[in-house]
Amino acid sequence: MSSRKFSDRREVMTYRQHFAHLWSDFIRTTYESPEHAAHVFRVDAKTAENWWNGLNAPQGWVVGRALSDPETREAALAVLTGEAA
């Protein structure tokens, strides 16, 4: 079953855009550059640059990796739950 059958597409897209913005905030406050984020998450430079600029959001495995890393867990949780200062 497609999720489109059960949710308003505009609402889904708005949240996707919002999440991309949140992820960009996390990446910018946690890493020195898109290249640094690419190295840490082992993704290509274009992917990390898109995260940095808020154009795309990551797949779930990347979020899971950020949350499972003791060095980034608090920052990731704060930004992704809207509790960042």
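Every value quoted in this text rests on a predicted model; they were computed, and no experiment measured them.

Describing helix H5 (residues 73-80)
And step 1. When we look at burial in H5, the residues that qualify are Ala76, Val79 and Leu80. Taken end-on, H5 shows its buried residues confined to a sector of 90°, consistent with a single buried face.
And step 2. Gly82 lies just past H5 and shows a positive phi near 80°.

Structural notes on the confidence of the model for the protein
Do not read the fine detail of predicted coordinates wherever pLDDT is low.
And step 1. Looking at the protein as a whole, its pLDDT mean stands at 88, while 84% of the residues score no less than 70.
And step 2. Here helix H1 (residues 9-30) stands out as the element of the protein with the lowest mean pLDDT, 86, in contrast to helix H3 (residues 45-52), whose mean of 98 is the highest.

Regarding the environment of His18
And step 1. Mapped onto the secondary structure, His18 falls in helix H1.
And step 2. Given a relative accessible area of 41%, His18 falls into the partly exposed group.

Considering the packing of helix H2 (residues 34-41) against H3
And step 1. Contact geometry for H2 and H3: axes closest at 8 Å, N-to-C directions at 120°. Between H2 and H3, the angle is such that the two are oblique. Seen from above, H2 lies across H3 with right-handed handedness. Taking contact as the criterion, the partners of Pro34, Ala37, Ala38 and Phe41 in H2 are, on H3, Ala45, Ala48, Glu49, Trp51 and Trp52.
And step 2. In terms of residue class, the contact of H2 with H3 is built from eight nonpolar, no polar and one charged.

Rules used throughout
- By convention here, each chain's residues receive numbers from 1 onward along its written sequence.
- With the structure being a predicted model, the display of local features is reserved for residues of pLDDT at least 70 and the display and counting of side-chain atom pairs for 80 or more, all residues being used for whole-chain, interface and lining totals.
- Excluding hydrogens and water, the side-chain figures rest on all heavy atoms present in the structure.
- Type-normalised accessible area, obtained with a 1.4 Å probe on protein chains alone, sets the label of each residue: buried when under 20%, exposed when over 50%, and partly exposed for intermediate values.
- The secondary structure listing takes helices from DSSP runs of H or I that are at least 4 residues long and strands from runs of E that are at least 2 residues long, numbered from the N terminus.
- Note that the arc is computed from the directions linking the helix axis to the C-beta atoms.
- Scored between 0 and 100, pLDDT is the confidence that the predictor attaches to each residue.
- Orientation is described by lines fitted to C-alpha atoms, with helices fitted over the stretch in contact, and by angles between N-to-C directions that extend from 0 to 180 degrees.
- In this scheme, roughly parallel covers angles under 35 degrees and roughly antiparallel covers those over 145, while 65 to 115 is roughly perpendicular and the rest are oblique.
- Each crossing gets its hand from how the near helix is turned against the far one by less than a right angle, where anticlockwise is left-handed and clockwise is right-handed.
- The criterion used for residue contact is that any of the two residues' heavy atoms lie within 4.5 Å.
- Amino acid classes used here: Ala, Val, Leu, Ile, Met, Phe, Trp, Tyr, Cys and Pro are nonpolar; Asp, Glu, Lys and Arg are charged; the rest, including Gly, are polar.

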